[in-house]
Amino acid sequence: MEKNVPSFPLVCRKCRLAIALGALILLSAGLSAQPLFVKDISRTSHSFVSANGKVYFANADSLFVATAGSVTLVKKVNENIRSISEVTNGDRIYFLTATGTTEMSLWVSAGTAASTTMIATYKSINPELAHDGNVYLRVDDGVHGLELWTLNSSNSLTMLKDIYPGSNSGYG
(Lines give C-alpha, C1' and ligand atoms only; values in the text may rest on other atoms or scores of the structure.)
Protein backbone atom coordinates (compact mmCIF):
# COMPACT_ATOMS: atom_id res chain seq x y z
CA MET A 1 0.00 0.00 0.00
CA GLU A 2 1.26 3.49 -0.81
CA LYS A 3 2.42 5.58 2.17
CA ASN A 4 0.08 8.50 1.45
CA VAL A 5 -3.12 6.46 1.01
CA PRO A 6 -4.99 5.69 4.23
CA SER A 7 -6.64 2.29 4.61
CA PHE A 8 -10.29 2.45 3.51
CA PRO A 9 -12.71 -0.33 2.52
CA LEU A 10 -12.55 0.79 -1.13
CA VAL A 11 -9.93 2.97 -2.75
CA CYS A 12 -9.91 4.00 -6.41
CA ARG A 13 -6.34 5.23 -6.86
CA LYS A 14 -6.94 6.53 -10.39
CA CYS A 15 -9.87 8.74 -9.31
CA ARG A 16 -8.47 9.29 -5.77
CA LEU A 17 -11.75 8.27 -4.08
CA ALA A 18 -12.41 6.21 -0.98
CA ILE A 19 -15.63 5.00 0.57
CA ALA A 20 -15.73 4.71 4.36
CA LEU A 21 -18.40 4.87 7.05
CA GLY A 22 -21.11 6.20 4.75
CA ALA A 23 -18.99 8.96 3.23
CA LEU A 24 -17.29 9.53 -0.09
CA ILE A 25 -13.82 10.91 0.52
CA LEU A 26 -11.39 12.52 -1.94
CA LEU A 27 -7.86 11.38 -1.19
CA SER A 28 -5.24 14.09 -1.30
CA ALA A 29 -2.28 13.88 -3.63
CA GLY A 30 0.33 15.17 -1.21
CA LEU A 31 1.95 13.29 1.66
CA SER A 32 0.89 15.81 4.31
CA ALA A 33 -2.51 16.89 2.97
CA GLN A 34 -5.66 15.52 4.58
CA PRO A 35 -8.37 13.63 2.68
CA LEU A 36 -11.41 15.80 1.86
CA PHE A 37 -15.06 14.95 2.49
CA VAL A 38 -17.07 14.89 -0.78
CA LYS A 39 -20.55 13.59 0.07
CA ASP A 40 -22.56 11.53 2.53
CA ILE A 41 -23.88 8.33 1.01
CA SER A 42 -26.39 5.92 2.48
CA ARG A 43 -24.92 3.29 4.79
CA THR A 44 -27.08 0.74 2.95
CA SER A 45 -25.12 1.39 -0.26
CA HIS A 46 -23.23 -1.68 -1.46
CA SER A 47 -21.27 -3.33 -4.28
CA PHE A 48 -18.62 -0.62 -4.59
CA VAL A 49 -16.61 -1.22 -7.77
CA SER A 50 -13.81 0.91 -9.17
CA ALA A 51 -13.89 1.04 -12.98
CA ASN A 52 -12.80 3.50 -15.65
CA GLY A 53 -11.58 6.06 -13.10
CA LYS A 54 -14.95 6.12 -11.32
CA VAL A 55 -16.58 4.32 -8.42
CA TYR A 56 -19.92 2.62 -9.10
CA PHE A 57 -22.22 1.53 -6.29
CA ALA A 58 -25.80 0.49 -5.67
CA ASN A 59 -28.50 1.33 -3.18
CA ALA A 60 -31.74 -0.65 -3.40
CA ASP A 61 -32.84 -0.32 -7.05
CA SER A 62 -30.54 2.55 -8.01
CA LEU A 63 -27.10 2.63 -9.66
CA PHE A 64 -24.77 5.51 -8.75
CA VAL A 65 -21.42 6.74 -10.07
CA ALA A 66 -18.91 8.77 -8.07
CA THR A 67 -16.08 10.89 -9.41
CA ALA A 68 -13.62 13.10 -7.56
CA GLY A 69 -16.17 15.91 -7.38
CA SER A 70 -19.64 14.37 -7.26
CA VAL A 71 -22.00 11.45 -6.81
CA THR A 72 -24.61 11.03 -9.54
CA LEU A 73 -27.63 8.78 -9.89
CA VAL A 74 -27.08 6.82 -13.10
CA LYS A 75 -30.47 5.12 -13.22
CA LYS A 76 -33.26 3.74 -11.06
CA VAL A 77 -33.83 0.28 -12.57
CA ASN A 78 -36.94 -0.68 -10.53
CA GLU A 79 -35.43 -4.04 -9.49
CA ASN A 80 -33.25 -4.50 -6.40
CA ILE A 81 -29.59 -4.51 -7.40
CA ARG A 82 -27.95 -7.60 -5.94
CA SER A 83 -24.37 -6.91 -6.99
CA ILE A 84 -22.11 -5.04 -9.37
CA SER A 85 -19.59 -7.28 -11.09
CA GLU A 86 -15.89 -6.50 -10.99
CA VAL A 87 -15.78 -7.71 -14.60
CA THR A 88 -15.69 -4.70 -16.93
CA ASN A 89 -15.43 -4.45 -20.70
CA GLY A 90 -14.09 -1.14 -22.01
CA ASP A 91 -16.26 1.55 -20.44
CA ARG A 92 -19.06 -0.90 -19.54
CA ILE A 93 -19.85 -2.36 -16.13
CA TYR A 94 -22.26 -5.22 -15.45
CA PHE A 95 -24.66 -5.68 -12.55
CA LEU A 96 -27.28 -8.17 -11.42
CA THR A 97 -30.79 -7.49 -10.16
CA ALA A 98 -33.31 -9.71 -8.36
CA THR A 99 -36.20 -10.42 -10.69
CA GLY A 100 -39.02 -11.99 -8.72
CA THR A 101 -38.07 -14.82 -6.38
CA THR A 102 -36.22 -17.27 -8.63
CA GLU A 103 -34.53 -15.30 -11.39
CA MET A 104 -31.95 -12.57 -11.86
CA SER A 105 -31.32 -10.08 -14.63
CA LEU A 106 -28.01 -8.98 -16.12
CA TRP A 107 -27.66 -5.26 -16.84
CA VAL A 108 -24.96 -3.21 -18.56
CA SER A 109 -24.04 0.45 -18.05
CA ALA A 110 -21.44 2.87 -19.36
CA GLY A 111 -22.32 5.32 -16.58
CA THR A 112 -25.31 7.09 -18.14
CA ALA A 113 -29.05 6.45 -17.94
CA ALA A 114 -29.22 5.99 -21.72
CA SER A 115 -26.48 3.34 -21.70
CA THR A 116 -27.98 1.38 -18.80
CA THR A 117 -30.07 -1.49 -20.15
CA MET A 118 -31.18 -4.97 -19.18
CA ILE A 119 -29.54 -7.70 -21.27
CA ALA A 120 -31.23 -10.91 -20.13
CA THR A 121 -33.10 -12.63 -17.30
CA TYR A 122 -32.27 -16.19 -16.27
CA LYS A 123 -32.34 -18.55 -13.30
CA SER A 124 -28.66 -17.79 -12.64
CA ILE A 125 -26.19 -15.53 -14.42
CA ASN A 126 -22.70 -14.45 -13.38
CA PRO A 127 -20.01 -12.58 -15.36
CA GLU A 128 -16.67 -14.39 -15.04
CA LEU A 129 -14.16 -12.49 -17.20
CA ALA A 130 -13.74 -10.13 -20.13
CA HIS A 131 -11.40 -10.91 -23.01
CA ASP A 132 -10.95 -9.46 -26.48
CA GLY A 133 -14.19 -7.44 -26.38
CA ASN A 134 -16.35 -10.30 -25.05
CA VAL A 135 -17.60 -11.12 -21.58
CA TYR A 136 -17.78 -14.77 -20.54
CA LEU A 137 -20.49 -15.76 -18.09
CA ARG A 138 -21.91 -18.72 -16.18
CA VAL A 139 -25.59 -18.94 -17.06
CA ASP A 140 -28.37 -21.33 -16.06
CA ASP A 141 -31.23 -20.68 -18.45
CA GLY A 142 -33.48 -23.26 -16.76
CA VAL A 143 -33.15 -25.64 -19.74
CA HIS A 144 -29.46 -26.42 -20.26
CA GLY A 145 -28.16 -26.27 -16.70
CA LEU A 146 -25.19 -24.08 -15.78
CA GLU A 147 -23.13 -23.50 -18.95
CA LEU A 148 -20.52 -21.08 -20.33
CA TRP A 149 -21.99 -18.23 -22.39
CA THR A 150 -20.49 -15.23 -24.16
CA LEU A 151 -21.72 -11.65 -24.42
CA ASN A 152 -20.40 -9.60 -27.34
CA SER A 153 -20.06 -5.83 -27.69
CA SER A 154 -23.58 -5.66 -29.20
CA ASN A 155 -24.96 -7.22 -25.98
CA SER A 156 -25.85 -10.44 -27.78
CA LEU A 157 -25.73 -13.36 -25.31
CA THR A 158 -24.96 -16.82 -26.72
CA MET A 159 -24.31 -20.21 -25.13
CA LEU A 160 -20.90 -21.47 -26.29
CA LYS A 161 -21.82 -25.16 -25.99
CA ASP A 162 -24.20 -27.37 -24.06
CA ILE A 163 -21.47 -29.62 -22.56
CA TYR A 164 -23.94 -32.20 -21.20
CA PRO A 165 -27.16 -31.86 -23.24
CA GLY A 166 -30.25 -31.38 -21.12
CA SER A 167 -30.49 -29.87 -17.68
CA ASN A 168 -27.16 -31.29 -16.42
CA SER A 169 -24.56 -28.66 -15.67
CA GLY A 170 -21.48 -28.51 -17.90
CA TYR A 171 -19.86 -25.86 -15.76
CA GLY A 172 -18.07 -26.51 -12.49
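One structure accompanies this document, and this report is about it.

Parameters and conventions
Residues numbered from 1 in each chain as written. Predicted model: local features only at pLDDT ≥ 70, side-chain atom pairs only at ≥ 80, totals over all residues. Heavy atoms only, no water. Core = buried A, V, L, I, M, F, W, Y, C linked by side-chain atoms within 4.5 Å. Buried < 20%, exposed > 50% of the residue type's maximum accessible area, 1.4 Å probe, protein only. Helix = DSSP H or I, 4+ residues; strand = E, 2+ residues; numbered from the N terminus. Contact = heavy atoms within 4.5 Å. Pairing = 2+ DSSP bridges. Axes fitted to C-alpha atoms, helices over the stretch in contact; angles between N-to-C directions. Phe/Tyr/Trp six-rings, centres within 6.5 Å; stacked < 30°, edge-to-face > 60°. Lys, Arg positive; Asp, Glu negative; His and termini not counted. Salt bridge = Lys/Arg side-chain N within 4 Å of Asp/Glu carboxyl O. Polar contact = N/O pair within 3.5 Å; in protein donor to acceptor, adjacent residues only side chain to side chain.

We now examine the nonpolar core. In this structure, L106, I125, L137, L151 and L157 are the most contacted members of the largest nonpolar core, which totals 16 residues. When residues of this core are traced back to their parent elements, those giving at least two are β10 (92-99), β11 (103-109), β12 (117-122), β14 (134-140) and β15 (146-151). Among residues more than four places away in sequence, those in contact with I125 are L96, M104, L106, L137, R138, V139 and L157. With 13 residues, the next largest nonpolar core counts A58, V65, I81 and I84 among its residues.

A few words now on unusual backbone geometry. One non-glycine residue, A60, lies in the positive phi region at around 55°. Looking at where A60 falls in the secondary structure, it is placed in the loop between β6 (54-59) and β7 (62-66). Residue classification places A60 among the partly exposed residues on the basis of a relative accessible area of 38%. Phi is positive for N155, close to 65°, though the residue is something other than glycine.

On to the sheet that holds β14. The strand order β13-β14-β15-β16 describes an open sheet built from four strands, whose pairing is antiparallel. At either margin of the open sheet sits one strand with a lone partner, and together these are β13 (124-131) and β16 (157-159). Pairs of neighbouring strands in the sheet enclose a mean axial angle of 30°, with direction left out of account.

Our focus in this paragraph is the environment of R82. Structurally, the position occupied by R82 is in strand β9 (residues 81-89). By relative accessible area, R82 is classed as partly exposed at 49%. Between the C-alpha atoms of R82 and A58, which are 24 residues apart in sequence, the distance is 8.4 Å. With residues near it in sequence (within four places) discarded, R82 still touches H46, S47, L96, T97, A98 and M104.

Let us look at the packing of aromatic side chains. Tallied over the full model, the rule gives four aromatic pairs. Here the aromatic rings of F95 and W107 are separated by 5.7 Å at their centres, their planes lie at 15°, and the arrangement is stacked. Remark: W107 occurs in strand β11 and F95 occurs in strand β10; sequence separation between them is 12 residues. Seen from their ring centres, Y122 and W149 are 5.4 Å apart, and the 55° between their planes marks the pair as tilted. Taken together, the residues Y122 in strand β12 and W149 in strand β15 connect sequence positions 27 residues apart.

Right, let's get into the sheet that holds β9. Here we have four strands laid out as an open sheet, ordered β9-β10-β11-β12, and antiparallel in their pairing. The strands lining the two open edges of the sheet, one partner per strand, are β9 and β12. Adjacent strand axes in the sheet meet at a mean angle of 25°, parallel and antiparallel pairs treated alike. Pairing analysis gives five bridges linking β11 to β12, with the strands arranged antiparallel. Among the inter-strand pairings, S105 is bridged to a residue of β12, identified as T121.

This part is about the side chain of E147. Among the secondary structure elements, E147 is positioned in strand β15. Put simply, E147 is tucked away with no salt bridge, and the nearest opposite charge, on K161, sits 9.0 Å away. Within the local environment of E147, its side chain forms a polar contact with the backbone nitrogen of I163, the two atoms lying 3.3 Å apart.

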